[in-house]
Amino acid sequence: MADRSVTANDFDLAHFKANIQRIFSTFTWKNPNLLSLYEVTKLIKPESEAYLGMQAIEVKKIIGSENRYHDFSSAFYPSNNSLKYRWESIDAARLDNITLPPISVYKIGEWYFVRDGNHRVSVARSEGMDFIDAEVVELSSKIPLEEGMTLNELKKRVVAYERERFIEQYNPTYLPMDKIWFTTPGAYPEMVHHILVHKYYANEHLDRVLSFQEGAESWYKNVYSPLVDAMDKEHLRSHFPGSSDGDIYMWLVRRWDEMKRIDSLSTEEDAAKDVKNQDKKSAFRHWMEYIGSKLSRK
């Protein structure tokens, strides 16, 4: 049987490496934690999944977990002592040459997220193993991932991809896209929905069907621009530092829609005033929170 002192030393060294990695990440501005499978899939919205069966996968390509992402560092070193007993039992099995069941993972691009077998991955990574047997299910995604990526970095990639897709699909030379920017995933598809809804209601008063271009031009002139003007009038940018005009437009148009259900005569200006009045934070506090978010490695 494996010497208990050996497995204890192995765990202590791996735990020490997790702490060193966390300190080092402060200076390299890398995410010290594993990625959450739930948070990642919520952003990239995989289109399909396929069972790939049993494979030997590279341990260094495992960058996230389904439900234990808080328990290990991004290099899968154990982050807290509560993992000690289970971790050492896996290490002892390794030292005794006991064959353990394969782990279970999701594959996204060239990277993997653990469904089952987090401690086995941690021991394998800590002891320098290059490959581990795994049952693999692949999730399709066109958003590239990388080790050490933060969720904020992933959000930026998703937004950039959605903007590219919108421009590729609609070729919106008829819209001032240099003035229309969003920083929130899902905003560009939501903008398309706004244009289509506006086009639908505009068609009710015509004897022909507007093209998407005509609907988009009308939306920009009669919906987007008036809301931006209302935003300017109420000086809302100071309440939302770091947000684009497109981001603030989304908040305003949602609020305006809620108000019109109560009072059909509500205007863009009413929505802007209401958003401003409901915001109880000072401009200084908004800026401090914005700076804090920029400094975050999450």
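Scroll up to find the structure this text is about.
A brief structural summary. (Residues numbered from 1 in each chain as written. Predicted model: local features only at pLDDT ≥ 70, side-chain atom pairs only at ≥ 80, totals over all residues. Heavy atoms only, no water.)

**What about the packing of aromatic side chains?**
Both the distance between ring centres and the angle between the ring planes are used here to describe each pair of aromatic rings. Applying the stated criterion to the full structure yields twelve aromatic pairs. An angle of 45° between the planes, with centres 5.4 Å apart, marks the rings of Trp-219 and Tyr-224 as tilted. For the ring pair Tyr-224 and Tyr-249, a centre distance of 4.9 Å and an interplane angle of 50° mean the geometry is tilted. On the criterion of sequence distance, the pair formed by Tyr-224 in helix H7 (residues 212-233) and Tyr-249 in helix H8 (residues 245-262) is long-range, its members being 25 residues apart. Here Tyr-224 matches Tyr-249 in class, with each residue buried. Through pairs of rings, three or more aromatic residues link up here, namely Phe-166, Tyr-170, Phe-182, Tyr-188 and Phe-212. (Phe/Tyr/Trp six-rings, centres within 6.5 Å; stacked < 30°, edge-to-face > 60°. Helix = DSSP H or I, 4+ residues; strand = E, 2+ residues; numbered from the N terminus. Buried < 20%, exposed > 50% of the residue type's maximum accessible area, 1.4 Å probe, protein only.)

**Side note on a nonpolar patch on the surface**
A grouping of Leu-13, Phe-16, Ile-20 and Ile-23 is seen on the molecular surface, where their side chains present a nonpolar patch of about 390 Å² in accessible area. The residue Ile-20 is located in helix H1 (residues 4-28) in this model. Accessibility expressed as a relative area gives 40% for Ile-20, which makes it partly exposed. (Patch = residues over 30% accessible without salt bridge, like charges linked within 9 Å, V, L, I, M, F, W, Y side chains within 5 Å. Areas by Shrake-Rupley, 256 points an atom, 1.4 Å probe, with all protein chains shown as cover. Salt bridge = Lys/Arg side-chain N within 4 Å of Asp/Glu carboxyl O.)

**What about the pairing of strand E6 (residues 131-139)?**
The pairing of strand E2 (residues 49-58) with E6 spans nine bridges and is classified as antiparallel. Along E6, the bridge assignment pairs Glu-49 with Leu-139. (Pairing = 2+ DSSP bridges.)

**Comments concerning the nonpolar core**
Soluble globular proteins: nonpolar side chains tend toward being buried together. The biggest cluster of nonpolar side chains holds 34 residues, and the ones touching the most others in it are Leu-175, Ile-180, Phe-182, Met-191, Trp-219, Tyr-249 and Leu-252. Elements represented by at least two residues in this core include exactly helix H5 (151-170), helix H6 (187-203), H7, H8 and helix H9 (268-278). Broken down by element, the residue count for this core peaks at ten residues, all from H7. Not counting residues up to four positions away in its chain, the partners in contact with Leu-252 are Leu-227, Met-231, Leu-236, Ala-271, Ala-272 and Val-275. Ranked by size, the runner-up nonpolar core spans 24 residues in total, among them Val-59, Tyr-77, Val-123 and Val-136. (Core = buried A, V, L, I, M, F, W, Y, C linked by side-chain atoms within 4.5 Å. Contact = heavy atoms within 4.5 Å.)

**Considerations on unusual backbone geometry**
Within the chain, Asn-171 stands out as a residue other than glycine whose phi angle is a positive 45°. Among the secondary structure elements, Asn-171 is positioned in the loop between H5 and H6. One non-glycine residue, His-235, adopts positive backbone phi at about 55°. When you line up the elements, His-235 lands in the loop between H7 and H8. Under the relative-accessibility criterion, His-235 is labelled exposed at 55%.

**Observations regarding the sheet that holds strand E3 (residues 62-65)**
The six strands lie next to each other as E1-E3-E5-E4-E6-E2, forming an open sheet whose pairing is mixed. Here the strands that pair on one side only, and so sit at the sheet edges, are strand E1 (35-36) and E2. The strands that helix H4 (residues 118-126) touches are E3, strand E4 (103-108), strand E5 (111-116) and E6; relative to E5, the one it contacts most, it runs at about 130°. (Axes fitted to C-alpha atoms, helices over the stretch in contact; angles between N-to-C directions.)

Structural measurements only, silent on function.
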